Amino acid sequence: MVEALQTAENDGGELVVGGGRREASGWPNAYYVEPALVRMPTQTAIVRRETFAPILYVMTYREFDQAIAMHNDVPQGLSSSVFTRDQREAERFISADGSDCGIVNVNIGTSGAEIGGAFGGEKSTGGGRESGSDAWRAYMRRATNTINYSDELPLAQGVEFG
């Protein structure tokens with residue numbers, strides 16, 4: 001994560017918040033990290049790399065076509081999400097012309113597999129769809145789509161913070 005953040009800054013990115021590392025009490029070689037938000041000028045190699053760390057790279061766009069192109073121009077394709085109030089953008093994102101991921105969400109996070117849905121990733125993530133009951137569907141372009149029409153952001157499996 002530290003190397004990814006440094007690379008992002010070298011690529012012209014700006015660390016907006018987070019990214020700090022904290023020692024774990026009683027574990028001298030273990031660390032916790034603060035999630036990081038990084039504003040990027042464009043989609044660089046580090047943005048396209050799957051870092052496996054809590055980093056959110058943020059880039060701007062003028063037309064939704066640009067956002068779709070950036071979104072799909074990565075080697076990964078397990079799960080995706082878009083937050084929008086525009087019905088046309090939501091419908092476009094879940095269509096075959098939108099997200100090229102195996103799990104496609106609207107106004108809800110990328111919590112992973114949804115039981116009973118089309119499970120598996122596209123491109124280089126998720127292990128494909130060769131195993132399990134969806135195997136024959138690997139030859140079709142399917143996606144699990146979730147759309148949240150409320151003003152609230154529900155958490156996965158009904159988790160609530162009091």
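Residues numbered from 1 in each chain as written. Predicted model: local features only at pLDDT ≥ 70, side-chain atom pairs only at ≥ 80, totals over all residues. Heavy atoms only, no water.

What about the pattern of salt bridges?
If you walk through the whole model with that rule in mind, you get 7 salt bridges. A salt bridge links aspartate 73 to arginine 48, with the nearest nitrogen and oxygen atoms 3.7 Å apart. With aspartate 73 in the loop between helix H3 (64-72) and strand S6 (79-82) and arginine 48 in helix H2 (residues 45-48), this pair connects stretches of sequence that are 25 residues apart. For aspartate 73, a relative accessible area of 43% puts it in the partly exposed group. (Salt bridge = Lys/Arg side-chain N within 4 Å of Asp/Glu carboxyl O. Helix = DSSP H or I, 4+ residues; strand = E, 2+ residues; numbered from the N terminus. Buried < 20%, exposed > 50% of the residue type's maximum accessible area, 1.4 Å probe, protein only.)

Considering the pairing of strand S5 (residues 55-58)
Taking every second residue as pointing to the same face, the buried face of S5 carries Ile55 and Tyr57, while none of Leu56 and Val58 on the other face is buried. As defined by bridge partners, strand S4 (residues 36-39) adjoins S5 across 4 bridges and the pair is classed as parallel. Note that in S5 the partner of arginine 39 across the bridge is valine 58. (Pairing = 2+ DSSP bridges.)

Concerning unusual backbone geometry
Note: most residues except glycine have negative phi, and most peptide bonds are trans. Of note, phenylalanine 52 is a non-glycine position whose phi angle comes to about 60°, a positive value. Here phenylalanine 52 shows up in the loop between H2 and S5. Owing to a relative accessible area of 74%, phenylalanine 52 belongs among the exposed residues under this scheme. Unlike most non-glycine residues, asparagine 107 shows phi in positive territory, near 60°. Structurally, asparagine 107 is set in the loop between strand S7 (103-106) and strand S8 (144-147).

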